[in-house]
Every structure is written in structure tokens, then in C-alpha cells.
Amino acid sequence: MSVECVRVALGARAYDIHIGEGLLERAGAFLAPLLHRPRVVIVTDENVAAAQGARLKSGLEKAAIDHEFVVLTPGEETKSFNQLEALTGRLLDLGVERRDLIVAFGGGMIGDLAGFAAAILRRGCRFAQLPTTLLAQVDSAVGGKTAINTAQGKNLIGAFHQPALVLADIEALETLPERELRAGYAEVVKYGLIADADFFAWLETNGAALIAGDADARRHGVKTSCAAKAAVVSADETEQNTRALLNFGHTFGHAFEAAYGYSDRLLHGEAVALGMSLALDYSVRRGLLPGDKAERAKAHLKAVGLPVSIADLKPGADISSGKLAELMMQDKKVESGRLTLILARNIGEAAIVKDAPVGDIEDFLKQKTAR
Ligand code: GLY
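Residue indices follow the written sequence of each chain, beginning from 1 at its first position. Residues qualify for local features only when their pLDDT is at least 70, as the model is predicted, and side-chain atom pairs are given and counted only at 80 or more; totals for whole chains, interfaces and linings, by contrast, use all residues. Computation of side-chain values: all heavy atoms of the structure, hydrogens and water removed.

Participant: Looking at this structure, how should I read the site of the ligand?
Facilitator: Nearness is defined per residue: one heavy atom within 4 Å of the molecule or strand is enough. Lining the immediate environment of the ligand, one finds Asp 139, Lys 145, Lys 229, Glu 239, Arg 243 and Leu 246. Taking Lys 145, its side chain carries an N or O atom lying 2.9 Å from an oxygen atom of the ligand. Arg 243 has a polar side-chain atom sitting 2.7 Å from an oxygen atom of the ligand. Taken together, the residues of the shell around the ligand break down into 1 nonpolar, no polar and 5 charged. By the criterion applied in these results, polar contacts are pairs of N or O atoms within 3.5 Å in which, for protein atoms, one can donate a hydrogen and the other can accept it, and in which residues neighboring in sequence qualify only through two side-chain atoms. Any residue that is not Ala, Val, Leu, Ile, Met, Phe, Trp, Tyr, Cys, Pro, Asp, Glu, Lys or Arg is counted as polar, Gly included; the first ten are nonpolar and the last four charged.

Take a look at the structure:
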């Protein structure tokens with residue numbers, strides 16, 4: 001069982017991402033060198049604890065690491081101020097010290113919440129990410145973005161706090177519902193589209209096998225995605241500039257997620273797939289991208305069962321062009337009331353376009369929403 005390693009080069013905050021099978025059973029060996037004392041607290045949710053908890057427990061026991069599980073309710077609602085208060089209180093009650101290591105074991109919700117708790121507990125504790133969803137393994141567990149949601153929106157309260165280690169055990173994906181796996185795959189395709197045409201071509205050939213469970217395809221897909229993300233994060237850790245490229249498809253996508261109330265009627269990755277498709281079409285409209293390239297990229301997303309047009313969405317949400325444009329203006333990349341979009345110049349090449357004309361985007365969305 002080979003294990004791949006990607007280093008996130010961030011000077012004193014540099015860390016390794018290990019990708020492979022059987023990593024949870026070996027987690028103790030990976031974590032031990034980071035520990036000041038042989039004890040960790042693991043933050044997870046009920047689903048992950050039931051499906052994968054025994055594997056991690058055995059890995060910690062093998063290395064004689066004392067451990068305590070804090071098991072939270074699954075779902076995005078848990079990423080709240082109330083739950084953050086409860087979690088930090090629990091971590092303090094469990095005697096977590098400043099030099100201890102907190103383990104975030106789960107999908108994006110757990111990584112974001114536990115990472116943020118680690119960022120603020122005793123003014124900052126180290127933490128490790130053990131992501132168990134494809135989305136978390138290729139995106140949210142890497143790069144140090146941590147956050148909770150508020151009534152004003154998603155991820156608006158948070159901190160950049162890099163993990164000390166990431167263990168992406170691809171075996172954990174075996175118990176992931178297929179729809180979630182497919183949604184996570186949208187973020188894998190994103191790396192091909194923004195930075196690596198060869199990887200995109202590889203995905204066209206191997207993406208279906210990756211989704212179906214082929215371990216070699218999964219290891220290569222996760223590793224290449226993590227390497228792409230590590231390169232971007234190393235160059236611009238706090239998103240002053242080029243890290244925004246990772247938001248390809250997200251500005252359009254977030255508007256749809258918000259319109260659907262961040263519910264399971266439209267998963268984040270599904271919204272990203274649709275958002276990337278719209279960003280590709282809008283890039284064609286702006287004369288940046290030849291139409292056949294947009295069609296090729298969308299054909300792959302469609303082939304793996306991801307939404308590529310507004311007609312693919314379930315009814316029952318206000319997705320009028322005016323509402324969508326209004327929601328897009330809530331994006332974190334809006335500066336002085338002006339929208340920044342990530343658009344495509346080619347397959348494998350994205351560009352940051354500042355001052356995107358909101359009226360033109362609304363016009364574009366009007367065409368796209370006309371049924
Ligand atoms: N998910 C985008 C980023 O980490 O910057």
C-alpha cells in the first residue's frame with residue numbers, strides 16, 4: 001500500500017500531507033512525533049465516528065496514545081457560534097493544553113470548526129487534519145482556512161490556521177455516500193481546469209474509475225489535487241492575490257448554494273460544478289475562452305453526473321437572475337462594491353478578472369435562467 005506525500009512549503013508553518021490507504025490504522029505513528037505528551041483529543045461527528053472511528057482508535061492504541069473522542073452532530077448547522085462555544089468549553093474541560101494537538105477527524109464541517117477552535121483555544125493550539133471526505137481531502141483540510149457560519153453567511157468568522165499534519169486516508173472514502181463523493185470530485189476537476197491541462201486529460205480518462213473506487217486512481221487524483229493546492233497556498237497563504245484562483249466556479253456556485261439555503265438539495269461540490277460551468281460559459285462570452293474548450297470541460301462534468309446547467313437543478317428555489325446577481329455581490333472577493341471573478345483562458349489556465357460588470361453578469365444569468 002503505497003503512501004504519497006505532498007509538502008506544503010510555508011516556512012515555519014510547513015507541513016506534510018500523506019495520501020494513501022491504511023493511514024488511520026497507522027495514525028499513531030504519524031502523530032507521535034508531533035506530540036508533546038502521548039495524548040490527543042479527536043473532534044469528529046457521529047457518522048464518521050460510526051464508520052471510521054474504530055480504525056483511528058486502533059491506530060492510536062498501537063502507538064499507546066491516550067485519546068478522547070468529542071463526537072458532534074453531523075451537518076453544516078454544527079458550524080455555529082453556539083457549537084464553537086460548546087466545543088472550546090469541552091476541550092478546556094478535557095484539559096487540552098496549549099502544546100497539545102487537536103485532531104480534526106471528518107469532512108469539511110469538522111475540519112473548519114475544530115480548526116477554528118484550535119486557532120483560538122489558549123490563543124492557538126496545533127491541530128492535525130484527518131479528512132474523511134473527498135472534498136476535505138482535496139480542498140478544505142489543506143491550506144489552513146478555518147471558520148464557522150453566522151446568520152450573515154458561510155465562513156465569515158474564522159482564521160487562517162495551518163494544520164501540523166494532514167492524513168488523507170483514501171480508504172475512508174469507501175463509506176462515503178456516492179453523491180458526496182461525486183460532489184467532492186468537482187473540486188478535483190477544478191485543479192485540472194485552473195492549473196493543469198494534463199491532469200484534466202487524465203481525469204477525462206480516469207475520473208469514472210476514481211469515483212467508482214479504484215484505489216490507484218483515487219491516490220493519484222487526491223495527490224495531484226493536494227499538490228496543486230499546496231503550490232497555490234505556498235505562494236499566497238492568506239489570499240491576497242493568486243489563492244483566489246482556487247475559487248474558480250465558487251462565486252457563481254455560492255449564489256446557488258445560498259438560494260437553496262445551503263441544504264442537501266444542492267451540495268457544495270454540485271454548486272461548484274454548476275458554478276464552473278457558468279464561469280466557463282461567461283469566459284466564452286467575454287472572449288477569453290474558445291467555445292469548444294468550455295464544451296469539453298462541461299462534457300466531463302456532465303459525464304460524471306454533475307450539474308452543468310441551471311436546468312439540471314431541482315425546482316423550488318428563487319434562482320431568478322436578479323436574485324443570483326444580488327447573492328453574488330455577497331462574495332468575499334467583492335471590493336468597494338466591485339465583483340472579482342475567476343475566469344478561464346484555457347483548460348489548465350484561469351485568470352483573476354477584477355471589476356467584472358455586474359449588469360453584464362445579470363444579463364448573462366438572465367439568458368441562462370430562461371427556460
Ligand atoms: N477552498 C479555497 C481555499 O482554500 O482557498
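Participant: Help me understand the packing of helix H9 (residues 250-259) against helix H10 (residues 268-285) in this model?
Facilitator: When two helices pack together, their arrangement is captured by the angle between the axes and the distance separating the axes. Every axis in this analysis is a line fitted to C-alpha atoms, fitted for helices over the stretch in contact. Angles between the N-to-C directions lie between 0 and 180 degrees. Under the scheme used here, helices are H or I runs from DSSP no shorter than 4 residues and strands are E runs no shorter than 2 residues, and both carry numbers assigned from the N terminus. As a packed pair, H9 and H10 sit with axes 7 Å apart at the nearest point and diverge in direction by 130 degrees. Looking at the two axes, H9 sits oblique to H10. Of the two possible hands of crossing, H9 and H10 adopt the one that is right-handed. Each of His 250, Phe 252, Gly 253, His 254, Phe 256 and Glu 257 in H9 lies in contact with H10, whose residues at this interface are His 268, Ala 271, Val 272, Leu 274, Gly 275, Leu 278, Ala 279 and Tyr 282. The labels follow the angle: roughly parallel below 35 degrees, roughly antiparallel above 145, roughly perpendicular from 65 to 115, and oblique for the rest. Two helices that cross are described as forming a left-handed crossing if the nearer one is turned anticlockwise from the farther one by less than a right angle, and a right-handed crossing if clockwise. Any pair of residues with heavy atoms lying within 4.5 Å of one another is described as a contacting pair.

Participant: Please explain the packing of aromatic side chains as it appears in this structure.
Facilitator: Aromatic rings in a pair are described by how distant their centres are and how their planes are angled relative to each other. Two aromatic rings, drawn from Phe, Tyr or Trp (for Trp, its six-membered ring), form a pair once their centres lie within 6.5 Å of each other, and the interplanar angle then sorts them: stacked below 30 degrees, edge-to-face above 60, tilted otherwise. On inspection of all chains with the given rule, the structure shows 4 aromatic pairs. Cluster of aromatic residues (ring-pair linked, three or more members): Phe 252, Tyr 282 and Phe 364. Charge-over-ring contacts are defined here by two conditions on Lys NZ or Arg CZ: a distance within 6 Å of the ring centre and an angle within 35 degrees of the ring normal. Here Lys 190 stacks its cationic end above the ring of Tyr 191, 5.0 Å away from the centre of that ring.

Participant: Just to check I follow, could you spell out helix H6 (residues 178-195) for this structure?
Facilitator: Turn by turn, an α-helix covers 3.6 residues, leaving residues three or four places apart pointing in a common direction. When the terminal C-alpha atoms of H6 are compared, their 26 Å separation across 18 residues agrees well with the 26 Å that a helix rising 1.5 Å per residue should span. Within H6, 13 of the 18 residues are buried, which leaves the element mostly enclosed by the surrounding structure. The span one expects for a helix is its residue count, reduced by one, times 1.5 Å. A simple rule labels every residue: compare its accessible area, found with a 1.4 Å probe on the protein chains alone, to the largest value its type can have, and call it buried under 20%, exposed over 50%, or partly exposed in between.

Participant: What exactly am I supposed to notice about the pairing of strand E5 (residues 101-106) here?
Facilitator: Residues in a regular strand point their side chains to alternate faces of the sheet. Burial runs high along E5: 6 of the 6 residues are buried. At least two DSSP bridges between two strands are required for those strands to pair. Here 4 bridges tie strand E3 (residues 39-45) to E5, and the two strands are oriented parallel to one another. Within E5, the residue paired with Val 43 across the bridge is Ala 104. By convention, orient the strands away from the viewer: a clockwise path from the first strand over the helix to the second makes the crossover right-handed. Read from E5 through helix H4 (residues 108-120) to strand E6 (residues 126-131), the crossover connection turns out right-handed.

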